[in-house]
Structure formats: structure tokens, C-alpha cells
Amino acid sequence: MFHRPSHASHFGLLFQTPESAPHNHHHHFYHHILPKKSQPAPASYATAPQTRPPPLPPKELVAPALGGTDPVARELKTVSFPRDCLNRFTSIASINTARNRETCGLLLGKDKGGRFVVTTLLIPKQHSTSDTCAMDEEELVLQFTEERSLITLGWIHTHPTQSCFMSSVDLHTHSGFQRMLPESFAVVCAPKSTPNFGIFRLTDPPGLQTILECQVTEAFHPHPERPIYTDADKGHVQIKDLPLEIVDLR
Ligand SMILES: [Zn+2]
Ligand SMILES: [Zn+2]
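Residues numbered from 1 in each chain as written. Chains lettered and ligands numbered in written order. Predicted model: local features only at pLDDT ≥ 70, side-chain atom pairs only at ≥ 80, totals over all residues.

A.B. asks: So what's going on with the overall build of the chain? Which residues, and what values?
C.D. replies: Broken down by element type, the chain carries six helices and twelve strands. The proportion of buried residues among the 250 residues of the chain is 41%. Put simply, of all contacts in the chain between residues at least 6 apart along the chain, 73% involve residues at least 24 apart. (Helix = DSSP H or I, 4+ residues; strand = E, 2+ residues; numbered from the N terminus. Buried ≥ 20, exposed ≤ 12 C-beta atoms within 10 Å, placed from the backbone. Contact = placed C-beta atoms within 7 Å.)

What follows is the structure in C-alpha cells.
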């Protein structure tokens, strides 16, 4: 399994605001598959998936696909997202997908004043299972984004066999992004499903608050039945024909 001496501050490191990650345990990709320091490792989790229950089906209600209906959504800047990114990421992920392993990437870009533009798909070093993906060596990611003055606008990952939805793990991961930048969005690519991609954000309120306040430590768990997340591509994320740079750090 994955080992590193210290991980508590890396979310802050990545987003350059170390004070912003207080007590919630779900800040980063790898928080979901790493045991907390004070607890024994859930050894069965990564090594013997047959010993844990199968992932729950999507429990969260998906808000009406109109986007832009919660108070924060109406204030969001537009984010332009290159159409190419979907197929190219799916293609990069195909080797992992064939092995029933997820792949994850970061969507980086620029603030163009009135709007954000995704310019770069960064594939970090990572390790994954059939339903989780975790970044390794995030300092390389930080170095890259700083050198290039790029902003983390979102993240993208595959569901090798499952449909296109936000799992509870995904929701917790995404809450870390969205609390840092309200425009942050999550792309899920589900090559074996229809639809084969989705672009999501947490409703704000109540989704973002619900997830940030959730203290459940099990990786997969249900949330209260309220509209937790919604489509963002019918809201502030606009898919456009734009150039895309791909950088693979693996
Ligand atoms: Zn997922
Ligand atoms: Zn939760």
C-alpha cells in the first residue's frame, strides 16, 4: 500500500493555503484509502476487495439538471473546458480501464478575468483500485502548477465499470476542491456506460456544507437525501473546441 511520512498538510500545500484544512478528514484523493494515523489500517480495503461490501449505488439525489439554481451557482464565473479532453483522457486511461483500475487527472488553467479556461490536463503519479484513485508525490504537481502559474480548476477520473455518478468518496474529494474555488468541477468518465461522461459540482447549499460537515470515516457511505450534487455542464462549465496540453507525470 501507499506510504509517505506525512500527509496532513498536503492538501494545503497543493492549494497553497495551509490554514484552510482544519479537521475534516476527506481533503484529498488519498485520504480515502489511507488509514488515519491513530487507527489500525483497514487492511482489507485495498488488498482484498472481496472482503468489503460492494460500493453503494448512488444514493445522493441529483439536483435538477438545470444548473445554476443554487445561490452560489448564479455567481460563478464561466469555465471553458476543451471538448478534446474527454476522449483524450479516456484514451490515456484505457490501459488502466482494461485492468478495472481508475485513472485520475487534474484540470489546470488560467483566470482570464471574467472567466476561467482549462488549458492543461495533468496526470499525476498515482495508484488506484476499481473504485478509488489517489495521487502520489503531489509536490511534483505543486511544482508544475507554480512554475506555470496554473490554477487547479477541477479534476477528472474514470469509472472503469461503473456508471457515471459521484460516489461518496468522489463527493468528499470534490468538497476539498470546491471549498477552495467555488468554480471547481469534477468530470467522471464512464467508458462502459451511457452517458459516458458527467461534469458535476456540489450544490451550495446544501451539498457542499453537507459533505464538509460529514464525519463518517468509512470510505463509502450514504448521505442525507437532499440534492447533494448537480450537473455543471448545463451551468457554469462550457464545453468548447479549445487547445489542450497534456502532461503525464507518471
Ligand atoms: Zn468516482
Ligand atoms: Zn460523507
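Here the narrative resumes, following the displayed structure.
A.B. asks: Provide a residue-level description of unusual backbone geometry, including the pertinent values.
C.D. replies: Along the chain, T194 connects to P195 via a cis peptide bond; the corresponding omega equals 0°. For P195, the location among the structural elements is in the loop between β8 (185-189) and β9 (197-202). That bond from D204 to P205 is cis: its omega, -15°, falls within 30 degrees of zero. By the element assignment, P205 lies in the loop between β9 and α6 (207-213). In this model, E137 sits at a positive phi of 50°, which is unusual for a non-glycine residue. Topologically, E137 is positioned in the loop between β6 (133-135) and α4 (138-147).

A.B. asks: Lay out the nonpolar core with the relevant residues and their values.
C.D. replies: Formed by 43 residues in total, the largest nonpolar core has its most connected members in L107, F185, V187, V188 and F200. In contact with L107, other than residues within four places in its own chain, are V118, L121, L153, G154, W155 and I156. (Core = buried A, V, L, I, M, F, W, Y, C linked by C-beta atoms within 7 Å.)

A.B. asks: How would you sum up the pairing of strand β4 (residues 115-123)? Please name residues and give values.
C.D. replies: Of the strand pairs in this sheet, strand β2 (residues 78-82) and β4 are connected by three bridges, and their pairing is parallel. Directly across from S80, in β4, lies its bridge partner V117. Pairing of strand β3 (residues 104-111) with β4, which is carried by six bridges, proceeds in the antiparallel orientation. Each residue of the ladder has a partner; that of G109, found in β4, is V118. Taking the residues that link successive antiparallel strands as the turn, the β3-β4 hairpin has three residues, and the phi of G113 there is positive, at about 95°. Summarising the sheet, β4 and strand β12 (residues 245-248) pair through four bridges and their orientation is parallel. Note that in β12 the partner of T120 across the bridge is E245. (Pairing = 2+ DSSP bridges.)

A.B. asks: Provide a residue-level description of helix α5 (residues 168-180), including the pertinent values.
C.D. replies: The end-to-end C-alpha distance of α5, which contains 13 residues, comes to 19 Å, matching closely the 18 Å that a straight helix rising 1.5 Å per residue would cover. For α5, the tally of buried residues reaches twelve of 13 residues, placing the bulk of the element in the interior. Among the residues making up α5, those that are buried are S168, V169, D170, L171, H172, T173, H174, S175, G176, F177, Q178 and R179. (Expected span 1.5 Å × (residues − 1).)

A.B. asks: Before we move on, could you go through the environment of D131 and cite the residues and values that matter?
C.D. replies: Take D131: it is sitting in the loop between β5 (126-128) and β6. For D131, a count of 22 C-beta atoms within 10 Å corresponds to the buried category.

A.B. asks: Summarise the confidence of the model for the chain; cite the residues concerned and give the values.
C.D. replies: Looking at the chain as a whole, the pLDDT averages 82, with 73% of positions reaching at least 70. The model gives residues 1-28 a pLDDT under 50, and that stretch makes 40 contacts with residues more than four places away or in other chains. For residues 30-53, every residue scores under 50 in pLDDT, and the model assigns this stretch 30 contacts once sequence neighbours within four places are set aside. (pLDDT = per-residue confidence, 0-100.)

A.B. asks: Give a detailed account of the environment of H127, specifying residues and quantitative values.
C.D. replies: Within the secondary structure layout, H127 lies in strand β5. The exposure class assigned to H127 is partly exposed, which follows from the 18 C-beta atoms found within 10 Å. A C-alpha to C-alpha distance of 9.1 Å links H127 and C104, two positions 23 residues apart in sequence.

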